[in-house]
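# Structural characterization, general
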Amino acid sequence: MCTMSLYTTTLLLLNPDPYISINRLYRRVIREALHVTLPTGYLDIFVVRPPTRFRETHYVVAQLYMIAAELKEIEHREDINVRVLLEGVGGFNIADARNRSWEVVAVAKDDTNLLPIFIAEQHSSWFSPALQIIILPMVGSIEAPSSLGDDNEDNYADEDAPDLGVAGLVVDSTDEDDGEVEDEGEEGQYPVVALGGTFDHLHDGHKILLTMGGFLTRESLIIGVAGEALLQNKKYKEYLEPLTQRCAGVLEFLAYIYPTLHATTHEMKDVYGRTETIEAIDALVISGETRQGAKMVNDERRRRGFHALKIWEIDVVNGDANNQWAGKLSSTDMRKREFEKNQLAKSQGTQQKLE
């Protein structure tokens, strides 16, 4: 059996049309794209012609991250860094490929029509080497890359995509009606958008929040990163990344997925961050578990004579709102794993000394 090469940086092109079929159509594709990527490499999933509305875009982004996360765990490729890129959003176009460091382009069998444009853009630059192209089978295909062997496909049964849920709905926070719900939202709808979080051990939930915050932003995205005052009760606090490292991680990720977006970070010393001092902020992007904090923000802005912010909410990844967000993707879990790994190393070191 011939062995397939592994790559440090893989680009997967896909066109999820209809987008509600992502899980059914692309689960196998993503799985095999992971298999051609080194266990510590990068997989960029480039969505060509993504939806234009917030709710649908959120669904596409969240589904891709969640499918990849599940498959990374199953395939023991947890350390692959997955990034979802949206064509045309935040200045990221397929032409930008010539400025990237991809080593291989992977595309689903039914999406090979995406290749001519990509190849033409590659050839338009003197600085881009020719990239190897891998065609991956989709649902129902029999053939598989030789490096995958004869895996049991029963573990990857197709599933119907779930409904869109409540993610992306904006709560109209005007003084007249705090309860009105709208289902709109387009790219670059607001000049200035804010969001906040700890952003420790940047994970898929953070990436979704930042992606959707950037999606709504036309001019400036303001990100509050929790400082020491907000971290006193964090579990495994000794394994928290320094503030400077967390800020740098946020800006590095945003610069990669949205090359033209103006983004800034600042230390959050309380729940309000810059929302209580910068009147020009138009909208706030939150996760469901921080809904109460968003209400506090608007109460304070009204007290100061500022306009209330539009509150956009994303789903908490794997979180159960009816059970205090049990099961959500959490940086605490990552710190716990670091703690347990450290304890195991200490235990093994002690055992070796005794022997």
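The structure this text deals with has already been given above.
Not measured: the values here are computed from a predicted model.

## Section: the overall build of the protein chain
Helices and strands together make up the secondary structure of the protein chain, namely seven helices and twelve strands. In the protein chain, buried positions account for 48% of the 355 residues. Considering only residue pairs separated by 6 or more positions, the protein chain has 80% of its internal contacts joining residues 24 or more positions apart. Carbon and sulfur atoms make up 49% of the accessible area of the protein chain, which amounts to about 17,500 Å² in all.

## Points about the environment of Q245
With respect to the secondary-structure elements, Q245 resides in helix α5 (residues 243-257). On the basis of relative accessibility, which here comes to 41%, the residue Q245 falls in the partly exposed class. For the pair Q245 and H201, spaced 44 residues apart in sequence, the C-alpha separation works out to 9.4 Å. Among the polar contacts made by the side chain of Q245, one reaches the side chain of E241 at a distance of 3.5 Å.

## Looking at the side chain of E313
Along the chain, E313 falls in strand β12 (residues 310-314). Residue classification places E313 among the buried positions, given a relative accessible area of 9%. Side-chain polar atoms of E313 contact the side chain of R291, separated by 2.7 Å.

## Points about the pattern of salt bridges
One pass over the full model with this rule turns up eleven salt bridges. A salt bridge links E186 to R53, with the shortest nitrogen-to-oxygen separation between them at 3.0 Å. Here the residue E186 occupies a position in the loop between β7 (181-182) and β8 (190-197), and R53 occupies one in the loop between β2 (37-47) and α2 (54-74), the gap between them amounting to 133 residues. Given the relative accessible area of 37%, E186 is considered partly exposed. We classify R53 as partly exposed; its relative accessible area is 32%. Each of E276, E300, R303 and R304 takes part in salt bridges that share partners, so that together they form one network.

## Structural notes on the packing of α2 against helix α4 (residues 204-216)
Viewed as axis vectors pointing N to C, α2 and α4 meet at an angle of 160 degrees, and their least axial separation amounts to 10 Å. Relative to α4, the element α2 is oriented roughly antiparallel. Regarding α2 and α4, the two cross each other, and that crossing is right-handed. Across from F54, T57, H58, V61, A62, Y65 and A69 in α2, the residues of α4 making contact are D204, K207, I208, T211, M212, F215 and L216.

The rules we used
Residues numbered from 1 in each chain as written. Predicted model: local features only at pLDDT ≥ 70, side-chain atom pairs only at ≥ 80, totals over all residues. Heavy atoms only, no water. Helix = DSSP H or I, 4+ residues; strand = E, 2+ residues; numbered from the N terminus. Buried < 20%, exposed > 50% of the residue type's maximum accessible area, 1.4 Å probe, protein only. Contact = heavy atoms within 4.5 Å. Areas by Shrake-Rupley, 256 points an atom, 1.4 Å probe, with all protein chains shown as cover. Polar contact = N/O pair within 3.5 Å; in protein donor to acceptor, adjacent residues only side chain to side chain. Salt bridge = Lys/Arg side-chain N within 4 Å of Asp/Glu carboxyl O. Axes fitted to C-alpha atoms, helices over the stretch in contact; angles between N-to-C directions. Parallel < 35°, antiparallel > 145°, perpendicular 65-115°, else oblique. Left-handed = near helix turned anticlockwise from the far one by under 90°.

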